[in-house]
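Listed here are the chains, written in short residue letters.
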Amino acid sequence: MDFYRFAEKSALAALTGVQVSMKKYKDYYKILGVARDASHKTIKQAYRKRALIYHPDVNKASYAEARFKEINEAHEVLSDPKRRAAYDQRVRQEEEKRRAAEAAQAE
């Protein structure tokens, strides 16, 4: 899980004093092309539209299968209210940490 890798890197950085580069989270809203406050219906419509475009049986491009899997992952998270809330919270925390680190570097 990404969370566990993130926690391990954070613990390592705290113990050693060395900052480990953090992998940027996947922006599921951007992948589906919807706003952060999009309704369940809007998310479902965007998913179906993108899934039809990138389905490997329809789109023979080399990147289509990977993009299709990414779209499915985004839909799985955003269509489940509990998983969506957890994702939104994690994104907010990561953005706050990034802003704090930038502010500390600016000083």
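All values derive from a computational prediction rather than experimental measurement.

Brief notes about the overall build of the chain
Regarding its fold elements, the chain presents five helices and zero strands. The order of helices and strands in the chain, counted from the N terminus, is α-α-α-α-α. By the burial criterion, 25% of the 107 residues in the chain qualify as buried. For the chain, long-range pairs separated by at least 24 residues make up 49% of all intrachain contacts whose partners lie at least 6 apart in sequence.

Thoughts on helix H3 (residues 40-54)
With 15 residues, H3 ought to run about 21 Å at 1.5 Å a step, and its terminal C-alpha atoms sit 21 Å apart, in line with that. Regarding H3, the residues found buried are Ile43, Ala46, Tyr47, Ala51 and Tyr54. Down the axis of H3, the buried side of the element spans an arc of 130 degrees, and every buried residue falls inside it. Along H3, exposed side chains directed more than 90 degrees from the buried face belong to Lys41, Arg48, Lys49 and Leu52. If you follow the buried residues of H3, they end up packed against helix H2 (28-32), helix H4 (64-79) and helix H5 (81-106).

Side note on the pattern of salt bridges
Applying the stated criterion to the full structure yields seven salt bridges. Here Arg99 makes a salt bridge to Glu95, at a shortest N to O gap of 3.8 Å. Of the two residues, Arg99 and Glu95 both sit in helix H5, four residues apart, roughly one turn of that helix.

Quick notes on the confidence of the model for the chain
With 78% of its residues at a pLDDT of 70 or more, the chain has an overall mean of 83. Considering each helix and strand of the chain separately, the mean pLDDT is smallest for helix H1 (residues 2-16), with a value of 47, and largest for H3, with 97. Contacts for the low-pLDDT stretch residues 1-8, under 50 throughout, to residues beyond four places or in other chains number two contacts.

Digging into the side chain of Asn59
For Asn59, the location among the structural elements is in the loop between H3 and H4. Polar side-chain contacts of Asn59 include one of 3.4 Å to the backbone oxygen of Ile53. Apart from the residues within four sequence positions on either side, Asn59 is in contact with Ile53, Tyr54 and Ala64.

Parameters at a glance
- Residues numbered from 1 in each chain as written.
- Predicted model: local features only at pLDDT ≥ 70, side-chain atom pairs only at ≥ 80, totals over all residues.
- Heavy atoms only, no water.
- Helix = DSSP H or I, 4+ residues; strand = E, 2+ residues; numbered from the N terminus.
- Buried < 20%, exposed > 50% of the residue type's maximum accessible area, 1.4 Å probe, protein only.
- Contact = heavy atoms within 4.5 Å.
- Expected span 1.5 Å × (residues − 1).
- Arc of directions from axis to C-beta.
- Salt bridge = Lys/Arg side-chain N within 4 Å of Asp/Glu carboxyl O.
- pLDDT = per-residue confidence, 0-100.
- Polar contact = N/O pair within 3.5 Å; in protein donor to acceptor, adjacent residues only side chain to side chain.

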